[in-house]
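Here is what each chain is made of, one letter per residue.
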Amino acid sequence: MADEVLLHPKLERQLTAMEGQANTPFIAAGRARKIIEAMTQGQTAQAAGLFRARSDARVKHCWKYDLGAGYRLICIRTKQIIYVMHAGDHESCDAWLNNNSKKQPQSTEIKMTSFTICDSPDPFDFQTIRSPDREPDFDDQYLASIPQAYLRKVFCGLVAG
């Protein structure tokens with residue numbers, strides 16, 4: 001897990017410009033801010049929302065987050081640091097990737113805004129928590145008591161041997 005998140009200085013201006021526009025860019029900027037906030041809190045972006053990330057071969061260790069409606073957030077991740085480099089529409093992100101192709105844009109001498117990732121003492125438990133007065137689910141009530149021998153007989157085509 002990375003220890004630090006660094007934001008490129010142009011990123012804040014890009015997000016502010018997107019927030020100043022109507023509908024789609026405004027929503028995309030909000031999603032980008034949620035992803036960045038999740039990163040600074042030590043979560044993955046997927047845990048923060050419904051955002052898909054894909055790697056890009058033009059810049060090493062680069063990830064593009066889909067913000068919706070053609071907007072992207074470009075990050076570079078090393079073992080210890082996540083660099084958030086660019087946000088914008090598909091064309092501007094594509095141009096940024098082409099301009100920085102086969103380079104290491106994160107290793108510049110530009111002063112970047114730094115956030116230390118907070119360590120969460122208790123990892124999130126994904127088990128379903130149920131109230132004691134709630135009735136058990138159908139699966140818990142009726143399917144738990146079916147013997148394995150019967151299931152193997154019914155589904156014999158699926159079990160080899």
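Owing to the predicted nature of the structure, the values given are computational and were not obtained by experimental measurement. (Residues numbered from 1 in each chain as written. Predicted model: local features only at pLDDT ≥ 70, side-chain atom pairs only at ≥ 80, totals over all residues. Heavy atoms only, no water.)

## A look at the pairing of strand E3 (residues 62-68)
Side chains on a regular strand alternate between the two faces of the sheet.
Point 1. For E3, the buried fraction is high: six of the seven residues fall into the buried class.
Point 2. For E3 and strand E4 (residues 71-77), the ladder comprises six bridges, and the chain directions are antiparallel. Of the residues in E4, the one forming a bridge with aspartate 66 is arginine 72.
Point 3. The turn linking E3 back onto E4 is made up of two residues, and alanine 69 within it adopts a positive phi angle of 55°. (Buried < 20%, exposed > 50% of the residue type's maximum accessible area, 1.4 Å probe, protein only. Helix = DSSP H or I, 4+ residues; strand = E, 2+ residues; numbered from the N terminus. Pairing = 2+ DSSP bridges.)

## Focus: the confidence of the model for the protein
Point 1. Chain-level pLDDT for the protein is 77 on average; 72% of the residues reach the 70-or-more range.
Point 2. Mean pLDDT across the elements of the protein bottoms out in helix H3 (residues 45-48) (55) and peaks in helix H1 (residues 9-19) (92).
Point 3. Here residues 121-129 scores under 50 on pLDDT; set against residues more than four positions off or in separate chains, the count is zero contacts. (pLDDT = per-residue confidence, 0-100. Contact = heavy atoms within 4.5 Å.)

## Some words on the pattern of salt bridges
Point 1. Overall, the coordinates contain four salt bridges when judged by the stated rule.
Point 2. The shortest N-O distance in the salt bridge between aspartate 66 and arginine 72 comes to 3.2 Å. Accessibility assignment for this pair places aspartate 66 and arginine 72 in one class, buried.
Point 3. One connected set of salt bridges, linked through shared partners, spans Glu12, Glu19 and Arg33. (Salt bridge = Lys/Arg side-chain N within 4 Å of Asp/Glu carboxyl O.)

## As for the environment of isoleucine 36
Point 1. Relative to the helices and strands, isoleucine 36 is located in helix H2 (residues 23-40).
Point 2. In sequence terms isoleucine 36 and isoleucine 82 are 46 residues apart; their C-alpha atoms lie 9.9 Å from each other.
Point 3. When residues no more than four places from it in sequence are discounted, the contact partners of isoleucine 36 are Leu7, Leu11, Leu15, Leu73 and Val84.

## Structural notes on H2
Point 1. Taking 1.5 Å of rise per residue, the 18 residues of H2 would be expected to cover 26 Å, and the 26 Å separating its terminal C-alpha atoms lies within 8% of that figure.
Point 2. Of all the residues in H2, the buried ones are Pro25, Ala28, Ala29, Ala32, Ile35, Ile36, Ala38, Met39 and Thr40.
Point 3. Directly beyond the C-terminal end of H2, a positive phi value near 90° is found at glycine 42. (Expected span 1.5 Å × (residues − 1).)

## Some points on the packing of H1 against H2
How two helices sit against one another is set out by the angle between their axes and by the gap between those axes.
Point 1. Between H1 and H2, the shortest axis-to-axis distance is 7 Å and the interhelical angle comes to 140°. Judged on the interaxial angle alone, H2 and H1 are oblique. Mapping the contact onto sequence places Leu11, Glu12, Leu15, Thr16, Met18 and Glu19 in H1 and Pro25, Phe26, Ala28, Ala29, Ala32, Arg33 and Ile36 in H2. (Axes fitted to C-alpha atoms, helices over the stretch in contact; angles between N-to-C directions. Parallel < 35°, antiparallel > 145°, perpendicular 65-115°, else oblique.)

## Some thoughts on the side chain of asparagine 100
Point 1. Note on placement: asparagine 100 falls in the loop between helix H4 (90-99) and strand E6 (113-116).
Point 2. For asparagine 100, a relative accessible area of 15% corresponds to the buried category.
Point 3. Within the structure, the side chain of asparagine 100 is placed 2.9 Å from the backbone oxygen of tryptophan 96, a separation counted as a polar contact.
Point 4. What asparagine 100 contacts, discounting residues up to four positions off in sequence, is Arg58, Val59 and Pro105. (Polar contact = N/O pair within 3.5 Å; in protein donor to acceptor, adjacent residues only side chain to side chain.)

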